[in-house]
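Working through the structure, step by step
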Amino acid sequence: MQVVQQILFLLALAAAGYFIGQRIKTIRNTILLGRDEDRSDRPEERRAMMLRIAFGQQKMFDRPLIGLMHFVIYAGFLLINVEVLEIVLDGLLGTHRLFAPILGDVYPLLINFFETMAFGVLVVCVIFLVRRNITKVERLQATRHRELSGFPEIDANTILFSEIILMFFLLSMNAADSVLQSRGVEHYHPVGTFAFSGFLKPIFEGWNTTALIAYERLAWWLHILGILAFAVYVTYSKHLHIFLAFPNAYFSNLEAKGQMANMPSVTQEVKIMLGLEQPASDAPAEIGRFGAKDIKDLTWKNLMDAYSCTECGRCTSQCPANLTGKALSPRKIMMDTRDRLEEVGRNMTQNKGQFVDDGKSLYGDYISAEELRACTTCNACVQECPINISPLDIILQLRRYQIMEESDAPGSWNAMFSNLENNQAPWKFSPADRFNWAQKEG
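Residues numbered from 1 in each chain as written. Predicted model: local features only at pLDDT ≥ 70, side-chain atom pairs only at ≥ 80, totals over all residues. Heavy atoms only, no water.

1. What to know about the packing of helix H2 (residues 43–55) against helix H9 (residues 241–250)
Relative to each other, H2 and H9 sit at 145 degrees, their axes nearing to 7 Å. Crossing of H2 over H9 shows right-handed handedness. Taking contact as the criterion, the partners of Pro43, Arg46, Arg47, Met49, Met50, Ile53, Ala54 and Phe55 in H2 are, on H9, Ala245, Phe246, Ala249 and Tyr250. For the contact of H2 with H9, the residue count by class is 10 nonpolar, no polar and two charged. (Axes fitted to C-alpha atoms, helices over the stretch in contact; angles between N-to-C directions. Helix = DSSP H or I, 4+ residues; strand = E, 2+ residues; numbered from the N terminus. Left-handed = near helix turned anticlockwise from the far one by under 90°. Contact = heavy atoms within 4.5 Å. Nonpolar A, V, L, I, M, F, W, Y, C, P; charged D, E, K, R; others polar.)

2. Points about the side chain of Thr310
Checked against the element boundaries, Thr310 lands in the loop between helix H11 (300–308) and helix H12 (314–317). With near-sequence residues (within four places) excluded, Thr310 lies in contact with Lys238, His241 and Ile387.

3. A closer look at the environment of Trp413
Mapped onto the secondary structure, Trp413 falls in helix H19 (residues 411–423). Exposure remark for Trp413: the relative accessible area of 23% places this residue in the partly exposed category. With sequence-adjacent residues up to four places away left out, Trp413 is seen in contact with Arg373, Arg399 and Ile403. (Buried < 20%, exposed > 50% of the residue type's maximum accessible area, 1.4 Å probe, protein only.)

4. Considering the environment of Cys378
Locating Cys378 in the fold gives a position in the loop between helix H16 (369–374) and helix H17 (380–384). As for Cys378 and Glu86, which are separated by 292 residues in sequence, their C-alpha atoms are 49 Å apart.

5. Concerning the packing of helix H5 (residues 106–133) against helix H6 (residues 151–182)
Where H5 contacts H6, the two axes come as close as 9 Å, and the packing angle between them is 150 degrees. It follows that H5 is roughly antiparallel to H6 by the angle criterion. Read as a crossing pair, H5 and H6 show a hand that is left-handed. In contact with Ile111, Glu115, Ala118, Val121, Leu122, Cys125, Val126, Phe128, Leu129, Arg132 and Asn133 of H5, H6 contributes Ala156, Asn157, Leu160, Phe161, Glu163, Ile164, Met167, Phe168, Leu170, Leu171 and Asn174. (Parallel < 35°, antiparallel > 145°, perpendicular 65-115°, else oblique.)

6. Concerning the nonpolar core
Ile31, Tyr307, Leu328, Ile333, Met334 and Leu398 are the most contacted members of the largest nonpolar core, which has 46 residues in total. With six residues, the top contributor of residues to this core is helix H18 (residues 391–404). Excluding residues that lie within four positions of it along the chain, Ile31 makes contacts with Trp300, Leu303, Met304 and Tyr307. By size, the runner-up hydrophobic cluster in this structure holds 40 residues, among which are Val121, Leu160, Leu166 and Leu171. (Core = buried A, V, L, I, M, F, W, Y, C linked by side-chain atoms within 4.5 Å.)

7. A word on the pattern of salt bridges
Side chains bearing opposite charge may pair, as long as their charged atoms lie close to each other. For the structure shown, the criterion picks out 20 salt bridges. When the shortest N-O distance is used, the salt bridge between Glu138 and Arg144 registers 2.9 Å. Lys301 serves as the salt-bridge partner of Asp305, at 2.6 Å between the closest nitrogen and oxygen. Of this pair, Asp305 and Lys301 both sit in helix H11, four residues apart, which is roughly one turn of that helix. Assigned by exposure class, Asp305 and Lys301 land together as buried. One salt-bridge network, in which partners are shared between bridges, spans Asp294, Arg340, Glu343, Asp358 and Lys360. (Salt bridge = Lys/Arg side-chain N within 4 Å of Asp/Glu carboxyl O.)

Okay, structure coming up:
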């Protein structure tokens with residue numbers, strides 16, 4: 001019977017590994033569809049950024065109480081997985097509490113620590129469920145923010161419920177295990193009662209030994225299978241940021257937030273026009289697309305940003321355009337980009353790794369002209385993001401396409417563009433008269 005369980009566990013582990021591997025491949029391939037961009041400079045600064053932003057959760061603590069609760073879940077996820085290592089090895093080797101004889105008196109201390117973290121995760125998940133569904137924090141409500149309707153709303157609650165269930169199975173498994181230890185049942189090493197599962201022991205003390213063993217095994221299987229299913233599900237969820245926050249923070253833009261990148265092709269044309277540069281002999285006869293229409297026109301970092309988005313809504317809650325009722329939501333920009341990436345990924349999967357034109361694009365089919373025009377480029381969304389995502393960079397590239405390729409701009413903007421071209425200033429007067437205001441009267 002034990003050999004059968006080991007085989008079943010190995011099959012479950014292999015199946016989870018296969019599906020996770022396929023998702024990683026799809027995500028990687030879609031990110032690499034983006035334009036090349038060098039983010040390999042200043043490695044020491046980048047490592048420091050990753051440690052502060054992703055590992056240290058620095059920006060989460062701008063709101064201290066929420067930051068602390070998020071840190072409990074984050075730390076719990078990282079540390080409880082050490083116990084998962086023992087569960088996986090037990091499943092593969094057919095052992096029970098493999099590390100107990102090896103670690104001796106340290107083992108109960110570790111399990112008590114893991115249980116403390118598990119209880120903390122359970123409590124915080126309940127609080128987050130209350131915030132979403134009872135007290136209804138405004139930035140998390142689908143009734144106010146259309147981008148949260150459907151799967152995003154279900155996804156957030158699914159993850160929280162899943163965490164609660166997984167932590168319950170872990171604690172109840174340990175409680176049943178403790179009762180079996182006290183009865184001297186074979187294979188259940190006497191390691192003592194644990195910190196929080198000890199409170200559940202009275203529930204199991206009246207059970208007969210056969211029922212206890214059955215429940216302990218059931219809870220063990222449900223806990224580890226739940227973790228494997230969670231690992232697969234996360235690759236489809238906003239909680240992919242658990243993994244991508246680290247590389248995303250590492251490859252952050254290290255320049256000043258107010259610095260906007262010029263288009264190299266336009267900059268070169270202006271320099272040629274002003275006589276500051278000569279045309280290159282191998283220059284293409286026609287400049288490629290201005291700005292971005294679809295995901296292939298964005299950079300790989302923009303696409304990684306989209307997959308890394310936590311959907312927390314901090315960007316949208318600080319966006320002045322959104323606060324005044326405009327159509328723009330920086331969170332929606334990121335979610336729309338990710339939705340388009342997912343659509344392209346499915347397209348490539350169905351066509352043996354090649355993208356077949358589907359007649360759709362990010363601009364127009366997902367993000368509207370009205371949304372792009374509403375942006376004031378104030379950088380509030382960039383400043384607020386806890387993992388250094390830049391919705392503004394995507395907005396600017398789409399807006400460049402909108403204006404330079406589609407010639408879709410309000411009349412007042414076109415007048416300003418004309419003045420800039422002819423007078424080198426937004427105002428309609430000669431450059432020679434620019435300093436007339438400084439002349440003294442009389």
